[in-house]
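# Secondary and tertiary structure notes
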Amino acid sequence: MGSVADLATEERRSLLELVEGFTAEQWSAPSLCDGWSVRDVVLHHIGYDLLTGRETVQRMVTGRASPGSDSNDARLAELSGMTTSDVVEALREHIRPAGLTAGFGCRISLLDGMIHQQDIRRPLRLPRTIPAERIRPALNFALWAPPVRGAVRGRGVRLVADDLDWSFGRGPEVRGTAEALLLAMGGRTVVLDELAGPGRGRLARNLGGLTP
């Protein structure tokens, strides 16, 4: 297995392979992120890599680089003039994460890219099998990475991947695929129906979802 930076690079390469053949309809389709199209999600993921080193420092000083919807929406607005071809080319030119996304040994890019690729794939009905060597470090980082805070969202339950040797937490079990658990830690309530176990109701309440 390569370094996390190598894994993040491969994850980004898989995103490029996914989107470079998208139709205009697919680019404009809604993603799992409220109010964001597929194009918005891809642009968000690559947007901070396009900053120069000086711009990155300025944003860190002013707080505009802090994770959060306001900063992300503002960055999307700044890049609104980019065409779809521009977005694809920017992704191609920044396959290796840089700047803010290279933080924590590129774990930011790995986690962000993996969750957002599923934000794109699921509404478009384009499933994938995420390589185990990539999803394991993403799961571990998701537990404490801001703004995901997976350990907070999973409080009071034990998360258990039934397709991977991975678990976390204490309490009644919630079982599911590693991908579903990752998205749950990322706040995606759409995966609740894919999870099972006595702790599912508690997790649903943590996420603000409803238990059928």
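Residues numbered from 1 in each chain as written. Predicted model: local features only at pLDDT ≥ 70, side-chain atom pairs only at ≥ 80, totals over all residues. Heavy atoms only, no water.

If you check an unreviewed UniProt entry, the protein appears there as Maleylpyruvate isomerase family mycothiol-dependent enzyme from Tsukamurella paurometabola.

Time to look at the overall build of the protein. What the protein contains, in helices and strands, is eleven helices and three strands. Reading the secondary structure of the protein in the N-to-C direction produces α-α-α-α-α-α-α-α-α-β-β-β-α-α. Within the span of the protein, comprising 212 residues, buried residues form 50% of the whole. For the protein, long-range pairs separated by at least 24 residues make up 61% of all intrachain contacts whose partners lie at least 6 apart in sequence. (Helix = DSSP H or I, 4+ residues; strand = E, 2+ residues; numbered from the N terminus. Buried < 20%, exposed > 50% of the residue type's maximum accessible area, 1.4 Å probe, protein only. Contact = heavy atoms within 4.5 Å.)

This part is about a positive patch on the surface. A surface patch of like charges, here positive, comprises Arg149, Arg155, Arg202 and Arg205. Within the element layout of this structure, Arg205 appears in helix α11 (residues 200-207). (Patch = residues over 30% accessible without salt bridge, like charges linked within 9 Å, V, L, I, M, F, W, Y side chains within 5 Å. Areas by Shrake-Rupley, 256 points an atom, 1.4 Å probe, with all protein chains shown as cover. Salt bridge = Lys/Arg side-chain N within 4 Å of Asp/Glu carboxyl O. Lys, Arg positive; Asp, Glu negative; His and termini not counted. Charge placed at Lys NZ, Arg CZ, Asp CG, Glu CD.)

Tracing the sequence through the fold places Thr101 in the loop between α6 (84-93) and α7 (103-124). You can call Thr101 buried: its relative accessible area is 7%. Along the sequence, Thr101 and Asp49 sit 52 residues apart, while their C-alpha atoms lie 6.8 Å from each other. Filtering out sequence-adjacent residues up to four positions away, Thr101 remains in contact with Arg12, His45, Asp49, Cys106, Ile108 and Ser109.

On to α11. Of all the eight residues making up α11, six are buried; the element is thus mostly covered by neighbouring parts of the structure. Those residues of α11 that are buried lie in contact with α9 (150-153), β1 (158-161), β3 (173-176) and α10 (178-185). Looking one or two residues beyond α11, the residue adopting positive phi is Gly208, at roughly 80 degrees.

In this section: the sheet that holds β3. Taken in spatial order, the three strands line up as β2-β1-β3 in an open sheet, and their pairing is mixed. At either margin of the open sheet sits one strand with a lone partner, and together these are β2 (167-169) and β3. Taking each pair of neighbouring strands and ignoring which way they run, the sheet shows an average axis angle of 15 degrees. Relative to β3, β1 is paired through four bridges, and the arrangement is parallel. Considered in β3, the bridge of Arg158 is made with Glu173. The sheet contacts of α10 involve β1 and β3, and relative to β1 the element is tilted by about 145 degrees. (Pairing = 2+ DSSP bridges. Axes fitted to C-alpha atoms, helices over the stretch in contact; angles between N-to-C directions.)

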